[in-house]
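# Coordinates in review
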Amino acid sequence: MKPNTLHQPTRHDDTVLRNALLKLTAVQKITCVVVVAIVALVWYDLLNRLVAFGRGIDYAGLHALGAQIVEFLKQYNPFFWWGVVALCTLIIAYFLYGFIQSTHRRVQRRLLGADTLADVVTQLSEPARQVLAWAWQDRRNPMTVGDLQRAHQELRSGRFGKIELSLKHAELLEQKAP
């Protein structure tokens, strides 16, 4: 059975939710970009200093170990320091990823103000409001930015059609057999 296309969410619904989410998460996104850019610039300067330090190491004082060992150390010295740089880069990337995830979770838990929600809801179509109501699963707590994000994702993935189909299934199950 084909769903009624007259009562489907519109592109305007997607735009309303996207714009509301952009306003609610803009500070977090800008903060993350600035932090990543600053860390990248500082790390770039430090890695250049680290590699330059590695190039400047003189192994002549280790002549007691033998000429072959000293030559071996000189030959593989750049690889060692670039390995240290790669390891430190992975560690920094891990911590940056954790920072970004924690700020994202913090924003998701932020409660929506009544005026913000009223502004969004008045602009949405009825099908989009049903998807928003579906996304707000814990009715004992106020709606959060995460609920709005979930509603936006579900609206884009066709949740309204699934809601209609589940209602049709429930209706069919409640009908008595002849």
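Cut-off values and rules
- Residues numbered from 1 in each chain as written.
- Predicted model: local features only at pLDDT ≥ 70, side-chain atom pairs only at ≥ 80, totals over all residues.
- Heavy atoms only, no water.
- Patch = residues over 30% accessible without salt bridge, like charges linked within 9 Å, V, L, I, M, F, W, Y side chains within 5 Å.
- Areas by Shrake-Rupley, 256 points an atom, 1.4 Å probe, with all protein chains shown as cover.
- Salt bridge = Lys/Arg side-chain N within 4 Å of Asp/Glu carboxyl O.
- Helix = DSSP H or I, 4+ residues; strand = E, 2+ residues; numbered from the N terminus.
- Buried < 20%, exposed > 50% of the residue type's maximum accessible area, 1.4 Å probe, protein only.
- Core = buried A, V, L, I, M, F, W, Y, C linked by side-chain atoms within 4.5 Å.
- Contact = heavy atoms within 4.5 Å.
- pLDDT = per-residue confidence, 0-100.
- Axes fitted to C-alpha atoms, helices over the stretch in contact; angles between N-to-C directions.
- Parallel < 35°, antiparallel > 145°, perpendicular 65-115°, else oblique.
- Left-handed = near helix turned anticlockwise from the far one by under 90°.
- Nonpolar A, V, L, I, M, F, W, Y, C, P; charged D, E, K, R; others polar.
- Expected span 1.5 Å × (residues − 1).
- Arc of directions from axis to C-beta.

Turning next to a nonpolar patch on the surface. On the surface, a nonpolar cluster with roughly 440 Å² of combined accessible area is contributed by Ile30, Val34, Ile38, Val42 and Leu46. As for its placement among the helices and strands, Val34 is situated in helix α1 (residues 11-55). On the basis of relative accessibility, which here comes to 43%, the residue Val34 falls in the partly exposed class.

A word on the nonpolar core. Soluble, globular proteins show a tendency: their nonpolar side chains are buried together. In this structure, Leu17, Leu112, Val120, Leu124, Leu132, Val145 and Leu148 are the most contacted members of the largest nonpolar core, which totals 20 residues. Taken together, the elements giving at least two residues each to this core come down to α1, α4 (126-135), α5 (145-156) and α6 (159-174). The element that contributes the greatest number of residues to this core is α1, accounting for five residues. With residues up to four places along the chain from it excluded, the contact list for Leu17 reads Val120, Leu124, Leu148, Ala151, His152 and Leu155.

Taken as a whole, this structure holds seven salt bridges when the rule is applied. Close ionic contact of Asp14 with Arg18 constitutes a salt bridge, the shortest N to O distance being 3.0 Å. With Asp14 and Arg18 both in helix α1 and four residues apart, the pair spans about one turn of that helix. As a salt-bridge pair, Arg129 and Glu126 come within 3.0 Å of each other at their nearest N and O atoms. With Arg129 and Glu126 both in helix α4, this residue pair falls three residues apart, about one helical turn. Using a relative accessible area of 42% as the deciding quantity, one classes Glu126 as partly exposed. Residues joined in a network through salt bridges with shared partners are Asp14, Arg18 and Arg156.

Taken over all residues, the pLDDT of the protein has a mean of 89, while the share at 70 or more is 95%. The secondary-structure element of the protein with the lowest mean pLDDT is α6, recorded at 88, while α1 shows the highest, at 94. Segment residues 1-5: pLDDT under 50, and four contacts once partners within four positions in sequence are set aside and those in other chains are kept.

What follows deals with the packing of α1 against helix α2 (residues 67-108). Describing two packed helices takes the angle between their axes plus the distance from one axis to the other. At a minimum axis separation of 10 Å, α1 and α2 run at an interaxial angle of 170 degrees. On the basis of their axis angle, the class for α1 and α2 is roughly antiparallel. In terms of crossing hand, the pair formed by α1 and α2 is right-handed. The residue makeup of the contact of α1 with α2, split by class, is 20 nonpolar, eight polar and one charged.

Here we come to the packing of α1 against α5. Between α1 and α5, the shortest axis-to-axis distance is 10 Å and the interhelical angle comes to 150 degrees. Accordingly, the angle class assigned to the pair α1 and α5 is roughly antiparallel. Viewed along their axes, α1 and α5 form a crossing whose handedness is left-handed. Mapping the contact onto sequence places Asp13, Asp14, Leu17, Arg18, Ala20, Leu21, Leu24 and Thr25 in α1 and Val145, Leu148, Gln149, Ala151, His152, Leu155 and Arg156 in α5. Across the contact of α1 with α5, the residue classes break down as eight nonpolar, three polar and four charged.

With that settled, consider α6. Its 16 residues place the ends of α6 23 Å apart at the C-alpha level, agreeing with the 22 Å of an ideal helix rising 1.5 Å per residue. Inspection of α6 places Arg159, Phe160 and Ile163 among the buried residues, and these make up the whole buried set. For α6, the angular spread of buried residues about the axis comes to 105 degrees, placing them on one side. On its buried face, α6 is in contact with α4 and α5.

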